[in-house]
Structure formats: structure tokens, C-alpha cells
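Structural features, examined
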Amino acid sequence: MKVKTEDGVESMQAVWMEGEKVKMIDQRFLPHELRYFTAKDYVEIKKAIREMMVRGAPAIGVTAAYGMAQAMVQDVEIERAAETIKSARPTAHDLFYAVDHMMGKDEPVKAAEEYAESVIQKCRSIGENGAELIENGNSVLTHCNAGALATVDYGTALAPMRVAFRHGKDIFVYADETRPRLQGARLTAWELFNEDIPHSVIVDNAAGHYMQRGEVDMVIVGTDRIVANGDIANKIGTYEKALVARENDIPFYVAAPVTTFDESTERGVEIPIEERDDEEVRSINEEVICPDGSDVRNPAFDVTPAEFISGYITEKGVFTTSEVKDMF
Ligand code: MRU
């Protein structure tokens, strides 16, 4: 991804490996500060994922693959490392896929690098395939951050917008701010700003307003998991966006690599939904915003049923729900 720095425009990845160390952009400090975190062992890999220094399903998967490679090189008990890394967050399928993929690899660092490279190439293809859906002059709405930060490079939902823009199409992006962690306002907007892609950050509740007014031509979101019946889990609020899109006859696309496909789960209701710390909702910038006695709930994801999804943008092409079911 392109990042504007004091020294000019630099090309960067969200996570990478240097020797035995796993390095990443610490996304908690964006957009104000470009800080890095170095994970020295699998315990710190879990911490980085759990505390969302790195987040987004494919990037979590790549971090987990690097963490497994690191654990193998450090000769720690691999089952323990695998279980620890898998326990970081429950919803993103890529996390479990990547850890299992690394088991028994003879050249672990090479295998992890190959895994990361394959994710980048898949996202690039998602970008090429999805860009064909975006016409000159289109406005696209997205939720959360499914960009390069969430995938190492290119992104899933953001990849088609990146590619369409690089191909010279005149596009506009609505970025939902995405309460409570503000991945849209902090991260998607930062990526769009760095690439000079025209955009507006909107509060989550404004998405329906712009859709109703005919100012959104399509919605593209990422996903943490696609299950066998085509249902998907994505950032909390995605389901509502899909409902409003259908009400207004706006196509609703989900972009993901096949590493996000979970063959072992039949229906969306079976997907484990992460409940995060209520502090994320209770306070803004450490200032408490609701009465101390009020209960707070904080589900990180919701499920969008397959019937709301116009197409699945993957590295293999764009598919309908019945085609996706056949792929399973
Ligand atoms: O809680 P997060 O920030 O990890 O949630 C991320 C999302 O919901 C993304 O849309 C999803 O992981 C796809 S990332 C390409």
C-alpha cells in the first residue's frame, strides 16, 4: 500500500517478518502516528491480534502464519503455540486456516512467506475482478476496514476501489466510521487518503440516508467468514447496511479470498461472534459516555444472510450464492 510520509510516498505492508521477529504496523495509533510493533514470540502474536494492533481476517491469518513459523524456529511446543494463537479472536476463519496450514511445515519461514504472498496475490485478483463491477462515476459504500491494513496489501473490499481508481475511473467512496473501534474513520479513510481516492467519512447511521437518496451505487464489504449456505459474518452493522441496500435496490457485494471460506460450518447462526470489552463502547477517548450503572453490550460482528448478497468477489471471479454453495 502507498503511505505518505515526510520522505515522500513509501510502499508498505501491514505485517512482515524480519529474521525471527514478526513486525507490523500498530493500527491502534493510526491515522495520527505510524508506529510499529515487534512480536518476539507466540504469546506476543496472540496479544497483537487480541488487542487489534493487527486486525482484519486475512491479516490476522498472515500474522498467525508468521507466529507459527517463529514458534517452529524457536523450537517451542508447537501444539501449545497453535492453541494460544488460535485463542486470540474467535470469528475470523483465516486465523484457524493459517495455523492449521502451517502445521508440519519443514521450512516454516519459507512457508509463512509463501502464505503471505499468496494472500497478497489473491487480494490483487479480487481487486481486478471486483473493479469490473465499478463503473466510471460510481459511488461505493464500505463498512469497517477491509483494505491493505486488513490483508497485508490491496485489501478485499477496498481492492476493487483501488484498482478501479488506478485504472482511471472516477469513483467516490463512502466510509462508515464503524463504531466502536472506528476502523472506517481511522483506517479506511487513511488508506483512501494515502491513495488520493475521493471519499467522505460518514457516521454509521448516515449510510441509509445516502442510499435512500440514490447517492450510493453499490456496497462492498469484507468478511471474517463465509459459511456453506453463503451467509457471512462481518463487522457489526454490516447486516443493517445489507438490509438498507436491498430496500433501495442497491447491489451488496462481499469480497474475500477462499481462505475465509469455512467448509465446516453450515449456517451463519453457528458462527462464533466475538463479544469485546464493554469499555470500547462505554468510553470515548477515555471519557465515560453513559451512566456507570448502565449495562453495555459490544458484539464485534453480525451475520448477513446469503439472500441479501448480490455477489461474492473472490480471487477466482465474482459468484452468486448458488455458485458459492457449489464451490463448497
Ligand atoms: O474487528 P476487525 O477490525 O478485525 O474486523 C474486520 C472486519 O470486519 C473486516 O471487514 C473483515 O475482517 C474483512 S478484512 C479484509
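Remember, predicted model here, so these are calculated numbers, not experimental data.

The next thing to look at is the packing of aromatic side chains. Two numbers describe a pair of aromatic rings. These are the distance of the centres and the angle of the planes. Throughout the structure, instances matching the rule amount to six aromatic pairs. Taking the centre distance of 5.9 Å and the plane angle of 75° together, the rings of W16 and Y36 count as edge-to-face. Here the residue W16 occupies a position in strand β3 (residues 15–18), and Y36 occupies one in strand β5 (residues 36–39), the gap between them amounting to 20 residues. W16 gets classed as partly exposed once you look at its relative accessible area, which sits at 22%.

What follows is about the site of the ligand. Taken together, 19 residues surround the ligand, and among them R55, R89, D224, N234 and K235 come closest. One of the backbone nitrogen or oxygen atoms of G56 is found 3.0 Å away from an oxygen atom of the ligand. With respect to the ligand, the side chain of Q183 contributes an N or O atom lying 2.8 Å from an oxygen atom. Against a free-state accessible area of 410 Å², the protein chains account for coverage of 100% of the ligand. Structurally, the ligand is housed in the largest cavity. For the shell around the ligand, the elements supplying multiple residues, two or more each, are α2 (57–73) and β11 (232–235). Both of domain 1 (2–121) and domain 2 (131–327) provide at least three residues apiece to the shell around the ligand.

Mapped onto the secondary structure, E107 falls in the loop between α4 (93–102) and α5 (108–131). For E107, a relative accessible area of 52% puts it in the exposed group. In the structure, E107 is positioned 151 residues away from V258 in sequence and 24 Å away in space, judged by C-alpha atoms.

So, about the domain arrangement of the protein. Looking at the protein, the domain boundaries give domain 1 (2–121) and domain 2 (131–327). The C-alpha-based centres of domain 1 and domain 2 are spaced at 22 Å. Facing 33 residues of domain 1, the contacting portion of domain 2 comprises 35 residues. Both faces combined, the contact of domain 1 with domain 2 buries some 2,900 Å², and carbon together with sulfur accounts for 54% of it. At the junction of domain 1 and domain 2, the tally comes to three salt bridges. Between K4 and D196 there is a salt bridge, and its shortest N-O distance comes to 2.8 Å. At the level of secondary structure, the elements contributing two or more residues to the side of domain 1 that touches domain 2 comprise β1 (2–5), α2, α4 and α5. Across the side of domain 1 that touches domain 2, the residue classes tally to 20 nonpolar, five polar and eight charged.

Reported here for the largest pocket is a volume of approximately 740 Å³. Where the lining of the largest pocket is concerned, the elements lending two or more residues are α10 (279–282) and β14 (283–284). Mapping the lining of the largest pocket onto the domain boundaries places at least three of its residues in each of domain 1 (2–121) and domain 2 (131–327). In terms of lining residues, the second largest pocket is bounded by H143, E177, T178, R179, V203, D204, N205, I236, G237, E240, K241 and D302. For the lining of the second largest pocket, the residue count by class is two nonpolar, four polar and six charged.

Our focus in this paragraph is the pairing of strand β9 (residues 218–221). Along β9, one buried face is formed by M218 and I220 and the opposite face, lined by V219 and V221, is buried too. Note: strand β6 (residues 139–142) against β9, two bridges, orientation parallel. From the neighbouring strand, V140 faces β9, where its bridge partner is M218. Bridge count between β9 and strand β12 (residues 252–255): three bridges; the pairing is parallel. By the bridge assignment for β12, I220 is matched with Y253.

A word on the packing of α4 against α5. Packing of α4 against α5 brings their axes to within 10 Å, and their N-to-C directions diverge by 145°. Crossing geometry of α4 relative to α5 is assigned as right-handed. Together, D94, Y97, A98, H101 and M102 of α4 and P108, A111, A112 and Y115 of α5 make up the contact between the two elements. Tallied by class, the residues present in the contact of α4 with α5 amount to seven nonpolar, one polar and one charged.

On to the environment of V62, then. Positionally, V62 belongs in helix α2. Sequence separation of V62 and I120 is 58 residues, and the distance between their C-alpha atoms is 9.9 Å. Excluding anything up to four places from it in sequence, V62 contacts V15, Y115, A116, V119 and V152.

What counts and what doesn't
- Residues numbered from 1 in each chain as written.
- Predicted model: local features only at pLDDT ≥ 70, side-chain atom pairs only at ≥ 80, totals over all residues.
- Heavy atoms only, no water.
- Phe/Tyr/Trp six-rings, centres within 6.5 Å; stacked < 30°, edge-to-face > 60°.
- Helix = DSSP H or I, 4+ residues; strand = E, 2+ residues; numbered from the N terminus.
- Buried < 20%, exposed > 50% of the residue type's maximum accessible area, 1.4 Å probe, protein only.
- Near = heavy atom within 4 Å.
- Polar contact = N/O pair within 3.5 Å; in protein donor to acceptor, adjacent residues only side chain to side chain.
- Areas by Shrake-Rupley, 256 points an atom, 1.4 Å probe, with all protein chains shown as cover.
- 1 Å grid on protein atoms, 1.4 Å probe; cavity = no way out; pocket = protein on both sides within 12 Å on 5 of 7 lines; lining within 4 Å.
- Sits in = over half its atoms within 2 Å of the grid points.
- Domains from an automatic or database assignment.
- Contact = heavy atoms within 4.5 Å.
- Buried area = accessible area lost by both parts, 1.4 Å probe.
- Salt bridge = Lys/Arg side-chain N within 4 Å of Asp/Glu carboxyl O.
- Nonpolar A, V, L, I, M, F, W, Y, C, P; charged D, E, K, R; others polar.
- Points joined across faces, edges and corners; volume = space filled by probe spheres on them.
- Pairing = 2+ DSSP bridges.
- Axes fitted to C-alpha atoms, helices over the stretch in contact; angles between N-to-C directions.
- Left-handed = near helix turned anticlockwise from the far one by under 90°.

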